[in-house]
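# Chain and residue survey
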Amino acid sequence: MAGVPIVPPGPFDTVEAAFGEGAVGRSLRLRGWVLRARSSGGIAFLVLRDRTGSVQVTAKRDVVGDGPFARVEHVQVEASVRLVGTVAADPRAPGGREVRATALEIVHAGEPFPIFSDQTEEFRLDKRHLVIRSQEHVATFRVKAELLRALREFLERESVLEMTPPVLTGNPAEGGAEAFAIDYFGRPGYLSQTAQLYLEALLFPNERVYALTPSFRAEKSRTPRHLTEYLHLEVELAWVGLADLLDFVERMTVEVSHAVAERRPKELQLLGRPPQELRELEGPFPRLTYRQAIERLRDQGFPVEFGTDLGTAEERALTLEARTPLFVTHFPVGLKAFYMLRSVDDPETVEAADLLAPEGYGEIVGASARETDIDRLLERLRATGAKPEEYEWYLDLRRHGSIPHAGFGLGVERLLRWMLRREHIRETTPFPRTPSRHTP
Ligand code: ATP
Ligand code: MG
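The following refers to the structure shown.

### Quick notes on the sheet that holds strand 16 (residues 405–411)
Read from one edge of the open sheet, eight strands run 6-10-11-16-15-14-13-12, paired in mixed fashion. Of all strands in the sheet, those with a lone pairing partner are strand 6 (161–162) and strand 12 (287–289), marking the two edges. Bridging between strand 11 (residues 229–238) and strand 16 involves seven bridges; their strand directions are antiparallel. Residue Glu236 lies in a different strand from strand 16, and its bridge partner there is Gly407. Together, strand 6, strand 10 (208–216), strand 11 and strand 16 form the strand contacts of helix 6 (residues 196–206), whose direction differs from that of strand 11 by roughly 35 degrees. Relative to strand 16, helix 14 (residues 412–419) is tilted by about 55 degrees, and along the sheet it contacts strand 10, strand 11, strand 14 (352–357), strand 15 (362–369) and strand 16.

In structure tokens form, the structure reads like this:
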């Protein structure tokens, strides 16, 4: 047998072809992985998966031959196979079609697949490289790919240019406490927490810029919405104030939700988010000032006062019943980063807003107009304990043609967690990084 392929070389079809119109009676050449297998009395049933779907395959001993049949009887879940077979209508098969193999070849029979139901979460995270073959993960990452595509398409329509800022940096952009420090050839270095300062520099020659890069946060917070590495979409727009920026964020959220609902309805449904809920999302999103939010929370019994940060519980209380995201605007100066613009009407606050996802999922976007006054920036830097010398290059931006501008950062996995109703943010990324885990 050696050297004689059972399935001769040539172009292959995909599983979805078995479900096409006019497919019944056609001969297909398929390859993929075994989702399930069983055999009884000279007939084997396989469920074959490829990137387009899964289909039931039957193989009869007297058709495929004794040798191949014996090997089929011993395949493991996730074995890889190639076959030639004829599509038949069969109401008992999932999707109403099955493929009756005329030739079947095991590419790799495999060892017993170690993943099955009821295993502990820790074990499943250890075996993440195999667990990501599950239907839920496949669906999740297809929606994620579509979301990224929709975000890029939206930004393209809005004439915002994609930039590639560095991820290795010499000064922590958001303060040292939550930065991962690294040894950069004997000098201190940091993994980027945000690309914002670089995007601000790139704004001057380009006016409308964005970056889609990983951000790193060395925060030990074990919450269902924090990763230590996440994908950060950051946008910076020239000549824009907070109100216009929030319109932009709103438009973006609505349009990408519609696009994902349009393009991945099956995956959304599988993951427990009826696609029409995303299709029906519409602006305007309510805008609540921080002062109003505090009032509302006090009415609900939260011991909050001006200056209290809104944590998971507070954000949840504000949005639990909501179907639409909510902007909380004008936070106290002391709660927000040094580069945020002081409000003229209410100088104890900054021109900043967080977008909170509905149903209690919490913050998905942090936005603000940026401070243009160099003395204010210096004052704020000193107040936060940072060394202004380290920000000299950034301060230069305020010395040459400074203009009003604003920007925001969106956590892609945060947005996806809400869209897909995932309990934990780690389910929205293939290899999650959390305080307790950076392998596999
Ligand atoms: P939080 O208060 O929830 O920690 P943050 O105020 O630190 O958020 P920003 O610094 O404003 O967040 O970052 C912009 C966006 O990046 C956030 O709105 C969120 O969507 C996302 N983000 C921030 N930290 C994380 C994280 N640890 N994991 C995943 N996404 C994050
Ligand atoms: Mg944070």
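Having seen the structure, we can now continue with the description.
### A look at the packing of helix 5 (residues 135–157) against helix 14
Contact pair helix 5 / helix 14: the axes reach a minimum separation of 11 Å and the direction vectors enclose 120 degrees. Classified by the interaxial angle, the pair formed by helix 5 and helix 14 is oblique. The crossing of helix 5 and helix 14 is right-handed. Seen from helix 5, the contacting residues are Thr140, Val143, Lys144, Leu147 and Leu148; seen from helix 14, they are Val412, Glu413, Leu415, Leu416 and Met419. For the contact of helix 5 with helix 14, a count of residues per class yields seven nonpolar, one polar and two charged.

### Structural notes on the environment of Tyr184
Relative to the elements of secondary structure, Tyr184 occurs in strand 8 (residues 181–184). In the structure, Tyr184 is positioned 196 residues away from Arg380 in sequence and 28 Å away in space, judged by C-alpha atoms. With residues near it in sequence (within four places) discarded, Tyr184 still touches Leu168 and Gly189.

### Re the pattern of salt bridges
For side chains bearing opposite charge, pairing can occur when the charged atoms are close. Applying the stated criterion across every chain, the model contains 41 salt bridges. Across the salt bridge formed by Arg152 and Glu162, the nearest N and O atoms sit 2.9 Å from each other. Taken as a pair, Arg152 in helix 5 and Glu162 in strand 6 lie far apart in primary sequence, ten residues in all. Its salt-bridge partner being Arg421, residue Glu277 comes within 3.2 Å of it at the nearest N-O pair. With Glu277 in helix 9 (residues 275–279) and Arg421 in the segment after helix 14, this residue pair connects regions lying 144 residues apart in the sequence.

### Things to note about the side chain of Arg370
One can find Arg370 in the loop between strand 15 and helix 12 (374–383). When its relative accessible area of 4% is taken as the criterion, Arg370 is described as buried. Within the structure, the side chain of Arg370 is placed 2.6 Å from the side chain of Ser368, a separation counted as a polar contact. Setting aside residues no more than four positions away along its own chain, Arg370 makes contact with Gln196, Glu200, Glu236, Tyr339, Leu341, Arg398, His405, Ala406, Gly407 and Phe408.

### Looking at the site of ligand 1
Around ligand 1 sit 16 residues in total, of which Glu219, His226, Leu227, Glu363 and Ile364 are the nearest. Between ligand 1 and Gly366, the relevant distance is 3.3 Å, taken from an oxygen atom to a main-chain nitrogen or oxygen of the residue. Coverage of ligand 1 by the protein chains reaches 84% of its 580 Å² of free accessible surface. If one sorts the elements of the shell around ligand 1 by residue count, strand 15 sits on top with four residues. Residues belonging to the shell around ligand 1 are distributed by class as follows: five nonpolar, five polar and six charged.

### Quick notes on a nonpolar patch on the surface
Taken together, the side chains of Leu168, Tyr184 and Phe185 present a nonpolar region at the surface, about 370 Å² in accessible area. Mapped onto the elements of the fold, Leu168 is located in strand 7 (residues 168–169).

### A look at the packing of aromatic side chains
Considering all chains together, one arrives at eleven aromatic pairs under this definition. A centroid spacing of 5.9 Å and a plane angle of 80 degrees characterise the contact between Phe338 and Tyr394, whose relative ring orientation is edge-to-face. Of this pair, Phe338 sits in the loop between strand 13 (326–329) and strand 14 while Tyr394 sits in helix 13 (residues 392–396), and the two are 56 residues apart along the sequence. Judged on exposure class, the residue Phe338 and its partner Tyr394 are both buried. Judged by centre distance (6.2 Å) and plane angle (85 degrees), the rings of Trp393 and Tyr394 are edge-to-face.

### Focus on the environment of Val75
Here Val75 lies in the loop between helix 2 (66–73) and strand 4 (80–89). On the basis of relative accessible area, Val75 is assigned to the buried category, the value being 11%. Between the C-alpha atom of Val75 and that of Arg51, which follows or precedes it by 24 residues, the distance is 20 Å. In this structure, Val75 is in contact with Val34, Ala37, Leu46, Ile106 and Ala109, ignoring residues within four places of it in sequence.

### Things to note about the nonpolar core
Among the nonpolar cores identified, the biggest contains 50 residues, and Leu147, Leu233, Val235 and Phe408 are the most heavily contacted of them. At the level of elements, helix 5, strand 10, strand 11, helix 7 (242–263), strand 14, strand 15, strand 16 and helix 14 are the ones that each hand at least two residues to this core. For this core, the element with the most residues is helix 7, which contributes eleven residues. When near neighbours in sequence (up to four residues on either side) are disregarded, Val235 contacts Leu155, Val160, Leu199, Val209, Tyr210, Phe248, Ala406, Gly407 and Phe408. Ala23, Leu30, Val64 and Leu104 belong to the second largest nonpolar core, which has 24 residues in total.

Conventions we followed
- Residues numbered from 1 in each chain as written.
- Chains lettered and ligands numbered in written order.
- Predicted model: local features only at pLDDT ≥ 70, side-chain atom pairs only at ≥ 80, totals over all residues.
- Heavy atoms only, no water.
- Pairing = 2+ DSSP bridges.
- Helix = DSSP H or I, 4+ residues; strand = E, 2+ residues; numbered from the N terminus.
- Contact = heavy atoms within 4.5 Å.
- Axes fitted to C-alpha atoms, helices over the stretch in contact; angles between N-to-C directions.
- Parallel < 35°, antiparallel > 145°, perpendicular 65-115°, else oblique.
- Left-handed = near helix turned anticlockwise from the far one by under 90°.
- Nonpolar A, V, L, I, M, F, W, Y, C, P; charged D, E, K, R; others polar.
- Salt bridge = Lys/Arg side-chain N within 4 Å of Asp/Glu carboxyl O.
- Buried < 20%, exposed > 50% of the residue type's maximum accessible area, 1.4 Å probe, protein only.
- Polar contact = N/O pair within 3.5 Å; in protein donor to acceptor, adjacent residues only side chain to side chain.
- Near = heavy atom within 4 Å.
- Areas by Shrake-Rupley, 256 points an atom, 1.4 Å probe, with all protein chains shown as cover.
- Patch = residues over 30% accessible without salt bridge, like charges linked within 9 Å, V, L, I, M, F, W, Y side chains within 5 Å.
- Phe/Tyr/Trp six-rings, centres within 6.5 Å; stacked < 30°, edge-to-face > 60°.
- Core = buried A, V, L, I, M, F, W, Y, C linked by side-chain atoms within 4.5 Å.

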